[in-house]
Each structure stands twice: as C-alpha cells, then as structure tokens.
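For reference, the chains in residue letters:
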Amino acid sequence: MPPYTRGRKKSFIKRKKVCRFSTDPNFVLDYKNPRVLSMFITERGKIIPRRITGTSASYHRALTIAIKRARQLALLPYSATHRNVD
Amino acid sequence: MREYETLYLLKPDLPLDIGKTLQDKLSEIVKKTQGHILSRADWGKRRLAYRIQKFRHAQYLYMQFLDAGQSVAEIERILKYDDRVLRYLTVKLKEKVNVEERLAKPVEAPPPPEEFHSPEMEEGRGGGRYDRPRHSGGDDGGMDDGGYAGRDAGDRQQ
C-alpha cells in the first residue's frame, strides 16, 4: 500500500444517526404536536428526508402522515412563503 | 366500538360561546348514536401557521369519543356544511374498543400544543410583501444538520 494515501483520503467523520422516535420515549409522534414535528421539516416547511434525519423507516412513514395532518389544521405551514400571499 | 378524535377550527370573530354550543351539539349526536364522549377541550384562539380565509387566528376545539358506527359521518357532515368551521379532521385512534374498560379508564384531553413559530415567520411579521427575494439562489433553507439543500436545488443547476 502506498504510504502517502494513508489517512490522506478525503476523510469525513461519519456521525451515527439514530431514530429519535425509537430511542427516546419522550419523543411522541403526534400530529397535534407541532414542536416535535417542526424538527423534521426545513425552514421552508418541506419534510426532511430520512437519510438526513436518520428516522427509522416505519417512523418516517408515520411522521409524514403526521406532518401532513398538522398542515391541514394549520399547525404547521405548507410552505414558508405563503405568508407573502396576501 | 371505535375510538376517534376530532379537531376543528372556528373562525376567530365569533362570539365566545359558539365553541361550547357546537361542542354540545356534536356531543349530543355522539350520545344519540350510542356513542360515548371521552373528553373535550377548547384550545382557545391560536395563531395559524398560514392564513385561512384571510384569518390569521382560529379557535381550536377538540373532542375524543367512542363511536358505534354512525356518529363520525354525521359529525363530519355538520362540520362540513357549517361555514363557521374553517377546518376539521377526524382521526381513528383505535379499532375495536371494549366500552366498559375504556370508560373505566380516566381520559385526559391532550393539552394544547405550543404554537409553531419558524424564524422566517417571526422576521416576516413586520416586513412587507417584497421584503425578500422569492428565490434566494439555490439555497433552499439551511438545515441544522448536514446542510440539506433540497432535491430541486440540485436539479436547478443542471
């Protein structure tokens, strides 16, 4: 192995991502709880993919439903820009 | 019996007792159709995440109940044709509920959640319509972890 490549490759720290719903019992998934749900949407109001948040597949499916329900009831925004539409 | 919850939004400019009257009316329907009311809650006037019919606020009302089969359709029909109601949503919480067991258990209505405030909304409160460009480059709102730029941000560059 050429010695100069060792440790010189593009290195990045891989952070272990864990599903916050399955690890933390205080993290209750409910469409009536916009504070928890808002951690999983971008500033623009889009749902963050689970490859970023690390949410488990089953919880992510439930999460998208919860976010969409919360949007219907105006607990969460559909988009950050619709405040501009007067 | 099935367990349901209904959350609905009333226009903010109504007299205060309309909420209670409507809750009583819906409770009456549930009882008439052999259902049971588990809990009721009034979250009061809350700020909406977006405007509905030009209203920025709405009164949120919550109801949890057991249904023998007919009440949900009737409740939704009433909420649908009442133009004081801005939004409504009924969610099934549990299929096949043992009525005696469920009624023996104490039920607490969920507390009203905190209102949603995104930083952008805060900053936009005083600003006008044109206070910021509609498209701010390719950056689709910075993310806390990892800086996810959004799928279409990448598409746009091609």
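Quantities reported herein were computed from a predicted structural model and do not represent experimental measurements. (Residues numbered from 1 in each chain as written. Chains lettered and ligands numbered in written order. Predicted model: local features only at pLDDT ≥ 70, side-chain atom pairs only at ≥ 80, totals over all residues. Heavy atoms only, no water.)

A. Focus on the environment of Glu3(B). Residue and element names in this part refer to chain B. Following the sequence through the fold, Glu3 ends up in strand β1 (residues 2-10). For Glu3, a relative accessible area of 4% corresponds to the buried category. When the C-alpha atoms of Glu3 and Phe65 are compared, they prove to be 5.8 Å apart, with 62 residues separating the residues in sequence. With sequence-adjacent residues up to four places away left out, Glu3 is seen in contact with Leu38, Gln64, Phe65, Leu66, Val91, Lys92, Leu93, Lys94, Val97 and Arg102. A polar contact of 2.8 Å, which involves the side chain of Glu3, links it to the side chain of Gln64. (Helix = DSSP H or I, 4+ residues; strand = E, 2+ residues; numbered from the N terminus. Buried < 20%, exposed > 50% of the residue type's maximum accessible area, 1.4 Å probe, protein only. Contact = heavy atoms within 4.5 Å. Polar contact = N/O pair within 3.5 Å; in protein donor to acceptor, adjacent residues only side chain to side chain.)

B. Spotlight on the sheet that holds strand β2 (residues 36-52) of chain B. Residues and elements named next belong to chain B. If you trace the four strands from one edge of the open sheet to the other, you get β2-β3-β1-β4, paired in antiparallel fashion. Two strands lie at the open edges of the sheet, namely β2 and β4 (85-94), each paired on one side alone. Each adjacent strand pair in this sheet contributes to an overall mean axis angle of 20 degrees, direction not counted. Of the strand pairs in this sheet, β1 and β4 are connected by eight bridges, and their pairing is antiparallel. (Pairing = 2+ DSSP bridges. Axes fitted to C-alpha atoms, helices over the stretch in contact; angles between N-to-C directions.)

C. Summary view of helix α1 (residues 18-32) of chain B. Residue and element names in this part refer to chain B. Taking 1.5 Å per residue as the helical rise, α1 with its 15 residues ought to reach 21 Å, and the 21 Å between its terminal C-alpha atoms agrees with that figure. Within the span of α1, buried status applies to Ile18, Gly19, Leu22, Gln23, Leu26, Ser27, Ile29 and Val30. Looking at the buried positions of α1, the neighbouring elements they touch are β1, β2, β3 (55-67), α2 (71-81) and β4. Gln34 sits one or two residues past α1 and shows a positive phi near 60 degrees. (Expected span 1.5 Å × (residues − 1).)

D. Spatial organisation of the packing of aromatic side chains. Residues and elements named next belong to chain B. Under the counting rule described, the total for this entry stands at five aromatic pairs over all chains. A ring pair is formed by Trp43 and Tyr60, whose centres lie 6.0 Å apart and whose planes are at 20 degrees; its orientation type is stacked. One end of the pair, Trp43, is in strand β2; the other, Tyr60, is in strand β3, with 17 residues separating them in the sequence. Trp43 sits in the buried class, given a relative accessible area of 9%. Judged by relative accessible area, which is 0%, Tyr60 ranks as buried. (Phe/Tyr/Trp six-rings, centres within 6.5 Å; stacked < 30°, edge-to-face > 60°.)

E. Region of the structure containing the side chain of Lys32(A). Along the chain, Lys32(A) falls in the loop between α1 (20-23) and α2 (34-37). Judged by its relative accessible area of 7%, Lys32(A) falls in the buried class. One polar contact links Lys32(A) to Asp30(A), side chain to side chain, over a distance of 3.1 Å. For Lys32(A), the contacting residues outside a window of four places in its chain are Leu75(A), Glu5(B), Leu7(B), Trp43(B), Tyr62(B), Pro110(B) and Pro113(B).

F. Region of interest: the pairing of β1(B). Residues and elements named next belong to chain B. For β1, the buried fraction is high: eight of the nine residues fall into the buried class. Two elements, β1 and β3, share nine bridges in a ladder whose sense is antiparallel. Its bridge partner being in β3, Leu9 is matched across the sheet by Tyr60.

G. Geometry of the nonpolar core. In terms of nonpolar packing, the biggest core is built from 31 residues, with Leu9(B) and Tyr60(B) touching the most fellow members. Sorting elements by how many residues they give to this core places β2(B) first, with six residues. Not counting residues up to four positions away in its chain, the partners in contact with Tyr60(B) are Leu73(A), Ala74(A), Leu75(A), Leu7(B), Tyr8(B), Leu9(B), Ala41(B), Asp42(B), Trp43(B), Gly44(B), Arg46(B) and Leu48(B). (Core = buried A, V, L, I, M, F, W, Y, C linked by side-chain atoms within 4.5 Å.)

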